[in-house]
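# Structure assessment
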Protein chains: 2
Amino acid sequence: MIEYKKKLTIKDMAKALNVSTATISNAFNRPDQLSESLRLRIIEGCQRLGYEGPNAAARSLRTGVSGIVGVLLADSLSYCISDPVASQFLAGLADVLDQRQCNMLLLPGQEEQTSYKSRQMESMVDGYIIYGGLHPSKRFQRLLQQSKPIIAVDVDTTDFITVNIDNQEGAYRSARLALQHRPQKVAIISLRLTPVSSVSWATCDACYASPASVSRSRWLGYMQALQEYNYPLEQLSVVDVPVNTHRNACMAAFMLLSQEERPDVIICMSDRMALGALQVALQQHIAVPNDLKIVGFDGIAESQFTHPTLTTVQQYNELKGQMAGNMFLGLTPRQNVILPTDMLMGETCPEVMS
Amino acid sequence: MIEYKKKLTIKDMAKALNVSTATISNAFNRPDQLSESLRLRIIEGCQRLGYEGPNAAARSLRTGVSGIVGVLLADSLSYCISDPVASQFLAGLADVLDQRQCNMLLLPGQEEQTSYKSRQMESMVDGYIIYGGLHPSKRFQRLLQQSKPIIAVDVDTTDFITVNIDNQEGAYRSARLALQHRPQKVAIISLRLTPVSSVSWATCDACYASPASVSRSRWLGYMQALQEYNYPLEQLSVVDVPVNTHRNACMAAFMLLSQEERPDVIICMSDRMALGALQVALQQHIAVPNDLKIVGFDGIAESQFTHPTLTTVQQYNELKGQMAGNMFLGLTPRQNVILPTDMLMGETCPEVMS
DNA sequence: AATTGTAAGCGCTTACAATT
DNA sequence: AATTGTAAGCGCTTACAATT
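Residues numbered from 1 in each chain as written. Chains lettered and ligands numbered in written order. Predicted model: local features only at pLDDT ≥ 70, side-chain atom pairs only at ≥ 80, totals over all residues. Heavy atoms only, no water.

## So, the nonpolar core
Formed by 173 residues in total, the largest nonpolar core has its most connected members in Trp 219 and Leu 236 of chain A together with Trp 219 and Leu 236 of chain B. With residues near it in sequence (within four places) discarded, Trp 219 of chain A still touches Ile 188, Leu 193, Cys 204, Cys 207, Tyr 208, Leu 236, Val 238 and Met 269 of chain A. One finds Ala 56, Val 125, Ile 150 and Val 155 of chain B within the second-largest nonpolar core, a separate group that totals 36 residues. (Core = buried A, V, L, I, M, F, W, Y, C linked by side-chain atoms within 4.5 Å. Buried < 20%, exposed > 50% of the residue type's maximum accessible area, 1.4 Å probe, protein only. Contact = heavy atoms within 4.5 Å.)

Right under this line is the structure:
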């Protein structure tokens, strides 16, 4: 049988150990305020009696600091946790916060409920890390007025300190790599470039109108490369995908590969899109990379688990999380950061030897 | 410029709206305690003045309930977030908790620091969901004495209410599927069956000694199938992997496929292992499934993103998370649950037509 | 009878006072 | 001078009293 304990307070300890509550508190929080011997006696006594240390709610109420960092996500929790890019970011962030004994509170961005309880926890949070997206949600609007520190990641804004990558440069380099093969027919699988809610064909004009900053930057990088190679834009096929899922990737790839003139290059705004395209191509017995080159974006771990492995833009999401965490905690100067990306030379688009 | 607000309290609202603090509190928490008209006037007034509702720390201190559920993980946060099985579970759990306006606090199991601050948050938590592993950690020991509700998932124990799958049955069925092909040489990639800390060959005897319940159950399922097919155990090759990573999977597969007598069946305790084996096999130009059958376990999404797709045991991790959450919240009777699994017929091991 | 207000106390931290 | 204790108050909820 498990033996349960009563909930112990600092008062109980003070009585049991014959000191004041202040001394107990100091023993835990301000070692310089009492003699070493007394501190050890108290710590030992508390351990023996089963007192786990000051109650977090009370401490937080008193000090105004909770040690909890709110992470405002662009999508639902379930999406973010299962998306490799977001989860890598969260892992990096969690590592840093954990080292400093801070905790993470994941806040879904899409909040429809107006119940005040869903906002309750916001009052506990010491500040926010905003991850991705534009966040037109009410929750987001409220945050701005809370006068708490905010770091934004993968958001194109001047309202906060941001941690970003150079999306345009990365996209440009990946597209150039594909275009070096002098393809006949280029296709792009884009993410949330247009406001549609299903996988659909897009025109270049529509794409320019997109407000989603990350996608737009990548799009501009692609355009830059296409222009450099004088690729006729009217020949370009673009399928836009509203949500970065494998299913959508397959659908997009299927649409592209069923065209009368089949693309020999597919440039993708994410590795998930690229992996979907790869799978569909292989199922259709299209030789990759011989008859079809594919480049991705992100450098997720899974991109190197396939055969052939994916050629993609490696971004360092874990590092991104660590940087955001360190900045939030003030361990790193609070200033805008643009992290580098690298080309990850996989097998789906080899380099052209010249 | 963003305009910041002062931190408002229930007192400020009482003064501004000319009612008592109790009435403000009731307006938020006990609608039956005041007239509809007054309640609306208060809610509207608070909104207008920018009061977000009662402070969570104060409320939690007063009521003893925080709405925060501690999720005790077997490994580090970064591992759990990036593991597809764990993250699916977390996604399901998060969904349920979020609907009920509860929050999740992820607690890494491997806690070496003795700083009391790392335990601070434990005092806030309303209860625990323990996910996987044996948890011999100090943190775990402490939890048992806290007299808070606990639900355990993927743990073989009688100390708590548990949510589990039938690991042995699932493993048995997957092994049988592979053995139907009457393989010459069977190999197994196992997880944490032996206490070694690197990828290593294992013997059948050593494997039985494992204390890790999930792995042992799967192992027993494999043995059951092997016996049924009279497969000579002395011919079996087993590589045991301490941590479920792709790198380890590749190493294990490499070891197995470099043997003088190459296996024509590899049975894997996880899809990550199976995907690694598939990749290594394809890189070595071994035809899958013709010359090598592979079966996995888990049914992670990525297992269906490859070509060929993986034959594996589908477990419903998101459902597992939902069930654990619902039970924790008391929306479902608190009783032990064993969730079903299904065979997911992919291409790496087709069914034998007889 | 229906509505609203008073006041205690949840467990802690910390300025400052009191003691050695 | 070094060590320890007193007491107020963080923001809230709720039993109960007071008012209409």
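## Details of helix α12 (residues 246-257) of chain B
Owing to its 3.6 residues per turn, the α-helix aligns residues three or four sequence positions apart on the same side. All names here are of chain B. In this model, α12 (12 residues) spans 16 Å end to end at C-alpha, consistent with the 16 Å of a helix rising 1.5 Å per residue. Where α12 is concerned, the buried positions are His 246, Asn 248, Ala 249, Cys 250, Ala 252, Ala 253, Leu 256 and Leu 257. As for α12, its buried residues are in contact with β6 (186-191), β7 (200-202), β8 (237-241), β9 (265-268) and α13 (271-283). (Helix = DSSP H or I, 4+ residues; strand = E, 2+ residues; numbered from the N terminus. Expected span 1.5 Å × (residues − 1).)

## Some thoughts on the packing of helix α12 (residues 246-257) of chain A against helix α13 (residues 271-283) of chain A
Residue and element names in this part refer to chain A. Direction vectors running N to C along α12 and α13 enclose 55°, while the axes themselves pass 8 Å from each other. One finds that α12 runs oblique with respect to α13. Once α12 is placed against α13, the crossing between them reads as right-handed. Facing α12, whose interface residues are His 246, Ala 249, Cys 250, Ala 253, Phe 254 and Leu 257, α13 presents Arg 272, Met 273, Leu 275, Gly 276, Ala 277, Gln 279, Val 280 and Ala 281. For the contact of α12 with α13, a count of residues per class yields 10 nonpolar, three polar and one charged. (Axes fitted to C-alpha atoms, helices over the stretch in contact; angles between N-to-C directions. Parallel < 35°, antiparallel > 145°, perpendicular 65-115°, else oblique. Left-handed = near helix turned anticlockwise from the far one by under 90°. Nonpolar A, V, L, I, M, F, W, Y, C, P; charged D, E, K, R; others polar.)

## Here's the deal with the relation of the copies chain B and chain A
In screw terms, the move from chain B to chain A is a rotation of 180° and a rise of 0.0 Å along the axis, fitting with an RMSD of 0.1 Å. Between the two chains, the operation in question is that of a two-fold axis. Every residue of chain B has its C-alpha some distance from the rotation axis, and the shortest such distance is that of Ala 57 of chain B, at 2.5 Å. Counting the interface residues of chain B, we find that 100% of their copies in chain A are interface residues as well, pointing to one common contact surface. (Least-squares fit on C-alpha atoms with pLDDT ≥ 70 in both.)

## Some points on the state of the cysteines
Residues and elements named next belong to chain A. Counted under the stated rule, the structure contains zero disulfides over all chains. Unpaired in this structure, Cys 349 has its nearest cysteine sulfur neighbour in Cys 268, at a distance of 11 Å. Residue Cys 349 is classed as buried on the basis of its relative accessible area of 0%. (Disulfide = S-S within 2.5 Å.)

## Brief notes about the environment of Ser 60 of chain A
Tracing the chain through its elements places Ser 60 of chain A in helix α4 (residues 56-63). Sequence-wise, Ser 60 of chain A and Asp 126 of chain A are 66 residues apart; in three dimensions their C-alpha atoms are separated by 10.0 Å. Sequence-distant contacts of Ser 60 of chain A, defined by excluding residues within four places in its chain, comprise Val 65, Ser 66 and Met 124 of chain A together with Ala 57 of chain B.

## Here we look at the protein's contact with DNA strand C
Taken together, 27 residues surround DNA strand C, and among them Ile 10, Ser 25, Tyr 51, Asn 55 and Arg 62 of chain A come closest. Among the atoms of DNA strand C close to the protein, meaning within 4 Å, 65% are from sugar or phosphate groups. For DNA strand C, a phosphate oxygen lies 2.6 Å from a polar atom in the side chain of Ser 25 of chain A. Interatomic distance of 2.8 Å between a backbone N/O atom of Ser 20 of chain B and a phosphate oxygen of DNA strand C. Within the residue set of the surface near DNA strand C, elements represented by two or more residues are α2 (21-29) and α4 of chain A together with α2 (21-29) and α4 (56-63) of chain B. A class-by-class count of the residues in the surface near DNA strand C yields 10 nonpolar, 13 polar and four charged. (Near = heavy atom within 4 Å. Polar contact = N/O pair within 3.5 Å; in protein donor to acceptor, adjacent residues only side chain to side chain.)

## Topic: the sheet that holds strand β9 (residues 265-268) of chain A
All names here are of chain A. Pairing within the open sheet is mixed, and its five strands lie in the order β7-β8-β6-β9-β10. Every other strand in the sheet has two partners, leaving β7 (200-202) and β10 (293-295) as the edge strands with one partner each. If you compare each strand with its neighbour and ignore which way they point, the axes differ by 25° on average. Across four bridges, the pairing between strand β6 (residues 186-191) and β9 is parallel. Residue pairing across strands places Ala 187 opposite Ile 266, the latter belonging to β9. Against the sheet, helix α9 (residues 167-179) touches β6, β9 and β10, its axis set at about 175° to β9. On top of the sheet, α12 reaches β6, β7, β8 (237-241) and β9; it is set at about 160° to β8, its chief contact. (Pairing = 2+ DSSP bridges.)

## Digging into empty space enclosed by the protein
Under the criterion given, the structure shown has six cavities of 30 Å³ or more. There is about 100 Å³ of room inside the largest cavity. As for the largest cavity, its lining consists of Leu 275, Glu 302, Phe 305 and Thr 306 of chain A together with Leu 275, Glu 302, Phe 305 and Thr 306 of chain B. Its residues assigned to classes, the lining of the largest cavity comprises four nonpolar, two polar and two charged. What lines the second largest cavity is a set of 14 residues, and nearest its centre among them are Leu 282, Thr 306 and His 307 of chain A together with Thr 306 and His 307 of chain B. Of all elements in the fold, only α13 of chain A together with α13 of chain B reach the threshold of two or more residues within the lining of the second largest cavity. (1 Å grid on protein atoms, 1.4 Å probe; cavity = no way out; pocket = protein on both sides within 12 Å on 5 of 7 lines; lining within 4 Å. Points joined across faces, edges and corners; volume = space filled by probe spheres on them.)

## Examining the domain arrangement of chain A
Segmentation of chain A into domains returns domain 1 (10-54), domain 2 (68-165) and domain 3 (167-315 + 340-344). For domain 1 of chain A versus domain 3 of chain A, the distance between C-alpha centres works out to 61 Å. (Domains from an automatic or database assignment.)

## Section: the pattern of salt bridges
All names here are of chain A. Counted according to the given criterion, the structure contains 10 salt bridges over all chains. The partner of Arg 39 in a salt bridge is Glu 36, and the shortest N-O contact between them spans 2.9 Å. Of the two residues, Arg 39 and Glu 36 both sit in helix α3 (residues 36-49), three residues apart, roughly one turn of that helix. A salt bridge links Glu 44 to Arg 48, with the shortest nitrogen-to-oxygen separation between them at 3.3 Å. On the criterion of helical spacing, the pair formed by Glu 44 and Arg 48 is a turn pair, its members being four residues apart in helix α3. According to the relative accessible area criterion, Glu 44 is partly exposed, its value standing at 42%. According to the relative accessible area criterion, Arg 48 is exposed, its value standing at 54%. (Salt bridge = Lys/Arg side-chain N within 4 Å of Asp/Glu carboxyl O.)

## Section: the sheet that holds β7 of chain B
In any sheet, the strands associate via hydrogen bonds between backbone groups, in a parallel or an antiparallel arrangement. Residues and elements named next belong to chain B. Across the sheet, five strands lie side by side as β7-β8-β6-β9-β10; this open sheet has mixed pairing. Edge positions in the open sheet fall to β7 and β10 (293-295), since each of these has one partner strand only. Taking each pair of neighbouring strands and ignoring which way they run, the sheet shows an average axis angle of 25°. Relative to β10, β9 runs parallel, the two being bridged by three bridges. Across the sheet, Ile 266 pairs through a bridge with Ile 294, a residue of β10. In the packing of α12 onto the sheet, contacts are made with β6, β7, β8 and β9, and the angle to β8 comes to roughly 160°. α13 contacts β6, β8, β9 and β10 of the sheet and is inclined by roughly 160° relative to β10.

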